[in-house]
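# Coordinate analysis (summary)
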Amino acid sequence: MAIPEYRAGVPDDWFVDPVNLGVPGVRQPAAEGEDDTQLSWQTDALCAQTDPEAFFPEKGGSTRDAKRICTSCDVKSQCLEYALANDERFGIWGGLSERERRKLRKRAV
Ligand code: SF4
């Protein structure tokens, strides 16, 4: 398996536009007959209210601040599930780094 090149910076598609999701902390109920979107948990994402750079540190940079924020996040498990299901390779998701998510995936096999 090829190892992807290191990607510096916050990806453009990291989070969907919060305006489309509603006010952080106030989950928008799905419209009648409409399923909740796969990303609706992001309305409660604590990191969306902080500096996204902390979640995508430069190579060798500290992940401590991002992980500390994740410990208080109400959607930590949904975030981690999403990252694992979508094979997110970069950044901190659900309180885990890329390496930690890889280890978790290997243990689950
Ligand atoms: S667990 Fe961390 S990365 Fe995931 S939504 Fe919460 S603060 Fe953001």
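The rules behind these values
- Residues numbered from 1 in each chain as written.
- Predicted model: local features only at pLDDT ≥ 70, side-chain atom pairs only at ≥ 80, totals over all residues.
- Helix = DSSP H or I, 4+ residues; strand = E, 2+ residues; numbered from the N terminus.
- Buried ≥ 20, exposed ≤ 12 C-beta atoms within 10 Å, placed from the backbone.
- Contact = placed C-beta atoms within 7 Å.
- Near = placed C-beta within 6 Å.
- Nonpolar A, V, L, I, M, F, W, Y, C, P; charged D, E, K, R; others polar.
- UniProt positions renumbered as here; feature names shortened; annotations may be inferred.
- Core = buried A, V, L, I, M, F, W, Y, C linked by C-beta atoms within 7 Å.
- pLDDT = per-residue confidence, 0-100.

## Some remarks on the overall build of the chain
Along its length, the chain carries 4 helices and 0 strands. Along its sequence from the N terminus, the chain presents helices and strands in the succession α-α-α-α. The burial tally for the chain puts 19% of its 109 residues in the buried class. Across the chain, every contact between residues at least 6 apart in sequence was considered, and the portion connecting residues at least 24 apart equals 46%.

## Considering the site of the ligand
The environment of the ligand is made up of 14 residues, and the closest members are Ala45, Cys47, Cys70, Cys73 and Cys79. For the shell around the ligand, the elements supplying multiple residues, two or more each, are α2 (64–71) and α3 (76–85). Tallied by class, the residues present in the shell around the ligand amount to 11 nonpolar, 2 polar and 1 charged.

## Points about the UniProt feature "binding site: [4Fe-4S] cluster" (unreviewed entry) in the chain
In the numbering used here, UniProt assigns the feature "binding site: [4Fe-4S] cluster" (unreviewed entry) to Cys47, Cys70, Cys73 and Cys79. For the residues just named, distributed over 33 residues, the greatest C-alpha separation is only 10.8 Å, placing them together at one site. In this fold, cysteine 70 is placed in helix α2. If we ignore the near neighbours within four places in the chain, the residues touching cysteine 70 are Lys76, Ile92, Gly94 and Gly95.

## Side note on the environment of proline 11
Along the chain, proline 11 turns up in the segment before α1 (18–21). Taking the number of C-beta atoms within 10 Å as the measure of exposure, proline 11 has 12 and is therefore exposed. Residues proline 11 and glutamate 53 lie 42 residues apart in sequence; the distance between their C-alpha atoms is 9.8 Å.

## Considering the nonpolar core
A general tendency of soluble globular proteins is for nonpolar side chains to be buried together. In terms of nonpolar packing, the biggest core is built from 14 residues, with Ala45, Phe55, Ala66, Cys79, Ile92 and Trp93 touching the most fellow members. When contributions to this core are tallied by element, the ones reaching two or more residues are α2 and α3. Ranked by residue count, the leading element in this core is α2, at 3 residues. If sequence neighbours within four positions are ignored, alanine 66 has contacts with Ala54, Phe55 and Ile92.

## Section: the environment of threonine 71
Inspection of the secondary structure assignment puts threonine 71 in helix α2. Here threonine 71 falls in the exposed class, since 9 other C-beta atoms lie within 10 Å of it. When the C-alpha positions of threonine 71 and leucine 46 are compared, they lie 9.8 Å apart, and in sequence the two are 25 residues distant.

## Details of the confidence of the model for the chain
Of all residues in the chain, 71% attain a pLDDT of 70 or more, and the chain-wide mean is 79. Per-element mean pLDDT across the chain ranges from 46 in α1 up to 96 in α2. Low pLDDT, under 50, characterises residues 18–28; the stretch is placed with 20 contacts to residues that sit more than four places away or in other chains.

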